[in-house]
Amino acid sequence: MGFLKGFFGSSDAASTSKAMPFEEYVGAGVVDRNGVPSRIYFSSDRDIDLYELEELCDAVGWSRRPIRKVRKAIVHSYIVVSMWEVRGAKKRLIGFARATSDCAFNATVWDVVIHPDFQGRGLGKGLMQYLIEKLRSQDISNITLFADPHVVEFYHNLGFISDPEGIKGMFWYPN
Ligand SMILES: CC(C)(COP(=O)(O)OP(=O)(O)OC[C@H]1O[C@@H](n2cnc3c(N)ncnc32)[C@H](O)[C@@H]1OP(=O)(O)O)[C@@H](O)C(=O)NCCC(=O)NCCS
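Residues numbered from 1 in each chain as written. Predicted model: local features only at pLDDT ≥ 70, side-chain atom pairs only at ≥ 80, totals over all residues. Heavy atoms only, no water.

## Some points on the overall build of the protein chain
Of regular secondary structure, the protein chain possesses six helices and six strands. Reading the helices (α) and strands (β) of the protein chain from amino to carboxyl end gives α-α-β-β-α-α-β-β-β-α-β-α. Across the 175 residues in the protein chain, those meeting the buried criterion constitute 38%. A separation threshold of at least 6 residues defines the contact pool for the protein chain, and within that pool the share at least 24 residues apart is 57%. Entry remark: accessible area of the protein chain is about 10,700 Å², with carbon and sulfur atoms responsible for 53%. (Helix = DSSP H or I, 4+ residues; strand = E, 2+ residues; numbered from the N terminus. Buried < 20%, exposed > 50% of the residue type's maximum accessible area, 1.4 Å probe, protein only. Contact = heavy atoms within 4.5 Å. Areas by Shrake-Rupley, 256 points an atom, 1.4 Å probe, with all protein chains shown as cover.)

What follows is the structure in structure tokens.
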């Protein structure tokens, strides 16, 4: 995640990652009363507190989903990535995304979210680039997603193309 490291400063994830399953230091977070910033990390550990994930999804106004189905979706996802704000021993889930895949050619990205307190700082872009890097490292070359209308430009900025060669996403819903 070169661009974020460059933007926020250097990494010292090694000291924290032994105790916590964090992979990469992203940057400085929110400054507290004493002027000390929290730290923001990526993780691809899928052992996430699902109630904390539900809170994150609530914060952006998504409809609630049964926890047991969310657990199943995470277990069966190919890659799960999350973003954490760490202050001392406390960690807070501030971003999440996952991808399903046939493990060879195709992957589809789902549930991309950054907590509103942390939006507009490049973290969503960083999280998506981290996920894309992970998929590319597995030689997955066809990455698709379904964008809500208000975030189409966010994905265009990341290199996603709408309806390439006129291909249309199609949905079937039960009546
Ligand atoms: C969409 C979302 C993940 C973006 O995360 P974010 O951290 O705010 O985005 P970033 O700060 O990384 O933005 C990266 C770039 O995309 C742009 N961008 C971000 N959100 C955008 C939006 N809704 N529409 C258009 N452009 C957007 C930013 O301006 C920025 O552009 P720049 O690189 O030219 O400066 C976040 O707003 C979110 O969680 N929204 C609610 C949940 C949601 O709608 N998820 C998508 C479901 S398909």
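## Things to note about the site of the ligand
Taken together, the neighbourhood of the ligand is formed by 20 residues, with Val-112, Ile-114, Gly-122, Gly-124 and Lys-125 sitting nearest. The contact in question runs from a nitrogen atom of the ligand to an N or O atom on the backbone of Val-112, over 2.8 Å. When the ligand sits alone it has 910 Å² of accessible area, and the protein chains cover 71% of it. When contributions to the shell around the ligand are tallied by element, the ones reaching two or more residues are strand 5 (106-114), helix 5 (123-137) and helix 6 (152-157). Take the shell around the ligand: its biggest share by element is four residues, from helix 6. (Near = heavy atom within 4 Å. Polar contact = N/O pair within 3.5 Å; in protein donor to acceptor, adjacent residues only side chain to side chain.)

## Some points on the environment of Leu-127
When you line up the elements, Leu-127 lands in helix 5. On a C-alpha basis, the gap between Leu-127 and Ser-43 in space is 9.9 Å, while along the polypeptide they are 84 residues apart. Look past the residues within four positions of Leu-127 in its chain and what remains in contact with it is Phe-42, Val-81, Ser-82, Met-83, Gly-95, Phe-96, Ala-97, Val-113 and Ile-114.

## Here's the deal with the pattern of salt bridges
One pass over the structure, following the stated rule, counts 10 salt bridges. Two residues, Asp-58 and Arg-64, come together in a salt bridge whose shortest N-O distance is 2.4 Å. Exposure remark for Asp-58: the relative accessible area of 29% places this residue in the partly exposed category. A cluster of three or more residues bridged by salt bridges with shared partners is formed by Asp-32, Glu-85, Arg-87, Arg-92 and Asp-117. (Salt bridge = Lys/Arg side-chain N within 4 Å of Asp/Glu carboxyl O.)

## Brief notes about helix 4 (residues 67-75)
All of the buried residues in helix 4 are Ile-67, Val-70 and Ile-74. Looking down the long axis of helix 4, one finds its buried residues gathered within 60° of arc, a one-sided arrangement. Turned more than 90 degrees away from the buried face of helix 4 sit Arg-68, Lys-69, Lys-72 and Val-75, all of them exposed. Contact partners of the buried residues in helix 4: helix 3 (50-59), strand 3 (79-87) and strand 4 (90-101). (Arc of directions from axis to C-beta.)

## Re unusual backbone geometry
Positive phi, normally seen in glycine, also occurs at Asp-139, with a value near 65°. The topology assignment puts Asp-139 in the loop between helix 5 and strand 6 (142-145). Residue Asp-139 is classed as exposed on the basis of its relative accessible area, which comes to 55%. Positive phi is not limited to glycine here, since Asp-163 has a value of about 45°. Along the polypeptide, Asp-163 turns up in the segment after helix 6. Taking relative accessible area as the criterion, Asp-163 reaches 37% and is therefore assigned partly exposed.

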